[in-house]
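Structural overview for review
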Amino acid sequence: MIPTEGETIEIRSYKHNGKLHRVWEQSAVLKSTSQEIIGGNDRILVVEGDGSSWRTREPAIFYFHHEKWFNVIAMIRSDGTHYYCNISSPCAYDSEALKYIDYDLDIKVYPDHSFQLLDEDEFLLHQQTMNYPFDVKEKVTEGVEELKYWIYQGKGPFDPQFIERWYEEFLMHR
């Protein structure tokens, strides 16, 4: 099952232990295939697992893949595109939402494509407390390396034309 292009969906992230981590409401699906889901949102409500909430500050284009161990959020800001990349399980979609497991590590990418790996301490803690299996740790490591390669190569959402195209598409859907 995949969402329909033009549909508004909810995005939910979970932790390895099944606990709800975060929910993004009202995201527009711009492209949906058996491989990837591309969409956008702007100033939407985000609800944390503890019930607290906040609103995003800028328009964003998101990229999810059904086989990749990461997802990418490109935030369109006045000084350029900033990316927040979650190292995660591949996404899955059901009638409720687009879902994935967040595996703690994140990569923040700046407009000049320099980047920073974040939350290594959280990953080390959770791999012990939640007993991440060896194959999950291996997939997480592979996801980090593949994501770095995509950043270096300007592949997928890191291609400026990708963001420009999908942001224009998002503006037409609003």
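Residues numbered from 1 in each chain as written. Predicted model: local features only at pLDDT ≥ 70, side-chain atom pairs only at ≥ 80, totals over all residues. Heavy atoms only, no water.

**A few points about the overall build of the chain**
The test is simple: Put simply, DSSP H or I for four residues or longer makes a helix, DSSP E for two residues or longer makes a strand, and each gets a number counted from the N terminus. Radius of gyration here uses only the C-alpha atoms, and the compact-globule reference equals 2.2 Å multiplied by the residue count raised to the power 0.38. Residue exposure (1.4 Å probe, protein chains only): buried if accessible area is under 20% of the type maximum, exposed if over 50%, otherwise partly exposed.
The secondary structure content of the chain amounts to three helices and eleven strands. Taken from the N to the C terminus, the helices and strands of the chain come in the order β-β-β-β-β-β-β-β-β-β-β-α-α-α. For 174 residues, the compact-globule estimate of 2.2 N^0.38 gives 16 Å, and the C-alpha radius of gyration of the chain, at 15 Å, lies within 12% of that figure. Considered along the principal axes of its C-alpha atoms, the chain spans approximately 45 × 35 × 30 Å. Expressed as a percentage of its 174 residues, the buried residues of the chain come to 48%.

**Brief notes about the pairing of strand E3 (residues 36-42)**
To keep things clear, this is the line we draw: One requirement defines pairing of two strands: DSSP has to find at least two bridges between them.
Taken across its seven residues, E3 has seven buried, putting it largely inside the fold. Residues of E3 alternate between two faces, with Glu36, Ile38, Gly40 and Asp42 on one and Ile37, Gly39 and Asn41 on the opposite face, all of them buried. Here strand E2 (residues 20-32) pairs with E3 via four bridges, running antiparallel. When the sheet's bridge partners are listed, Ala28 is paired in E3 with Gly40.

**Re the nonpolar core**
Going by this rule: Among buried residues, those of type Ala, Val, Leu, Ile, Met, Phe, Trp, Tyr and Cys that are joined through side-chain atoms within 4.5 Å constitute a nonpolar core.
Counting 31 residues, the largest nonpolar core has Ile61, Val72, Tyr83, Cys85, Val140, Leu147 and Phe158 as the members making the most contacts within it. For this core, the secondary-structure elements that each account for two or more residues are E2, strand E6 (59-65), strand E7 (70-77), strand E8 (80-88), strand E10 (98-109), helix H2 (134-153) and helix H3 (160-173). For this core, the element with the most residues is H2, which contributes six residues. Grouped together as the second largest cluster of nonpolar side chains are 16 residues, Val29, Cys91, Tyr93 and Tyr100 included.

**What about the side chain of Lys15?**
Note the threshold: Between two residues, a contact is recorded if the distance between any of their heavy atoms is within 4.5 Å.
Residue placement: Lys15 occurs in the loop between strand E1 (8-14) and E2. Taking the relative accessible area as the measure of exposure, Lys15 reaches 8% and is therefore buried. If we skip the residues at most four places from it in the chain, Lys15 touches His21, Ile101, Asp102, Asp104, Glu122, His126 and Met130.

Any functional reading would require information beyond the geometric quantities listed.
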